[in-house]
Structures are given as structure tokens and as C-alpha cells.
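Observations on the model geometry
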Amino acid sequence: MERNLHRQLANMKKSLFDQGYLDHEQFTQLEELQDEANPNFVEEVVTLYYRDSARLIQNIEQALEKNPLDFAKLDNYMHQFKGSSCSIGARKLKNECTQFIEYCKTGNGEGCKRTFQQLKKEYSSLKKKLEHYFQFARQVGPLEKACRPK
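Residues numbered from 1 in each chain as written. Predicted model: local features only at pLDDT ≥ 70, side-chain atom pairs only at ≥ 80, totals over all residues. Heavy atoms only, no water.

We apply this condition: UniProt positions are given in the numbering used here, feature names are shortened, and annotations may be inferred rather than shown by experiment.
As recorded in an unreviewed UniProt entry, the protein chain goes by Histidine-containing phosphotransfer protein and comes from Fraxinus pennsylvanica. The UniProt entry for the protein chain carries the following comment under Function (unreviewed entry): "Functions as a two-component phosphorelay mediators between cytokinin sensor histidine kinases and response regulators (B-type ARRs). Plays an important role in propagating cytokinin signal transduction."

Written out as C-alpha cells, the structure reads:
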């Protein structure tokens, strides 16, 4: 029974990789930092990411309401958001950030606004999926330490 639950949890994580929500390499690196002394390290990092990134999203929203748009400020905010997103391996978010930054470089305000709406959807979707994953992980119990495939 317990092995089955661990397998289910592994399949949940694999689907996050397969669907492109998470970068396998980056997320595995985070998991490798988790140990008996800090068994919830990854969940804590992700929780901090969502807490801190909410402020950046708010800043971007406010900057997108200004007329004319300050593309340098938008670019700066999005670079911060992209860096944070990359640190947890949020692949789809990273891709949306990259697109947004490209629109900033070309001064495409409509492209920025459209991409930001998609980014917020991906952000929310990943948050729900990770909350579900971590909730299930707490129910299942500790996993063996993550290992890179050889």
C-alpha cells in the first residue's frame, strides 16, 4: 500500500515534468537539498516563492496600467520574476517571462498585456498543482532522497 502511494506521488511529479510545468533538472536539484534535518525544504522554498512573487505580480500589474508604459521598469520586474520562477524550475512561467521580455524590448504593450494574462494563468495553475502535490506528499510521508538518473 505504502509503495503504491509513493508510486502515485512519483507519477504526480512526473506529470508536472511531462506537461512542462516544471523543469526536471532544477526541481531535482532542489530536492537534493532536502534531507532529514529539513524534510520540507522544497515545499518551503516554493511557499516563499509564491509569497514573494505575489508582490512582483502586483508591481507588474500596476506598471501595465500606466500610460505610457515604462518598458524598462516592466523589463526589470519581469527579469526578477523570471529569476525567481527559474529557481523553483517553473518552466512554463519562465517561457512566458521570456516572451514578455521580448515584447518589452520591441515596445509592444499589447503583447506584454496579453502575455501577462497568460503568465497569471500559468502561475495560478502551477500553484494549485504544487499545493496538491505537497499536500499528497505530506500524507504519503518522507521519500528517499532524490537522485539524478545516470
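Some remarks on the side chain of Glu43
Put simply, the test is: Labels follow the DSSP assignment, with helices taken as runs of H or I lasting at least four residues and strands as runs of E lasting at least two, numbered in each case from the N terminus. When checking whether two residues touch, look at their non-hydrogen atoms; a contact exists if any pair is within 4.5 Å.
With respect to the helices and strands, the residue Glu43 is situated in helix H3 (residues 41-65). Once residues within four sequence positions are removed from consideration, Glu43 is found in contact with Phe134 and Arg138.

Concerning the UniProt feature "modified residue: Phosphohistidine" (unreviewed entry) in the protein chain
The condition is simple: Only protein chains enter the calculation, and the probe is 1.4 Å; a residue is then buried if its accessible area is under 20% of its type maximum, exposed if over 50%, and partly exposed in between.
Those residues carrying the UniProt feature "modified residue: Phosphohistidine" (unreviewed entry) are His79 in this numbering. Classification of His79 by relative accessible area gives partly exposed; the value is 41%.

Structural notes on the packing of helix H2 (residues 24-32) against H3
A packed helix pair is summarised by two numbers, namely the angle formed by the two axes and the spacing between the axes. Stated formally: Comment: axis = line fitted to C-alpha atoms, over the contacting stretch for helices; angle = value between 0 and 180 degrees taken between N-to-C directions. Under this scheme an angle from 65 to 115 degrees is roughly perpendicular, one under 35 degrees roughly parallel, and one over 145 degrees roughly antiparallel; angles in between are oblique. Classes in brief: Ala, Val, Leu, Ile, Met, Phe, Trp, Tyr, Cys and Pro nonpolar; Asp, Glu, Lys and Arg charged; the others, Gly included, polar.
Between H2 and H3, the shortest axis-to-axis distance is 8 Å and the interhelical angle comes to 120 degrees. Relative to H3, H2 is oriented oblique. From H2, Phe27, Leu30 and Glu31 reach across to H3, where they touch Phe41, Val42 and Val45. Considering only residue class, the contact of H2 with H3 consists of five nonpolar, no polar and one charged.

What about the UniProt feature "domain: HPt" (unreviewed entry) in the protein chain?
Residues given the UniProt feature "domain: HPt" (unreviewed entry) here are residues 38-133. Between the end C-alpha atoms of residues 38-133 there is a gap of 18 Å, over a span that is 86% helix and 0% strand.

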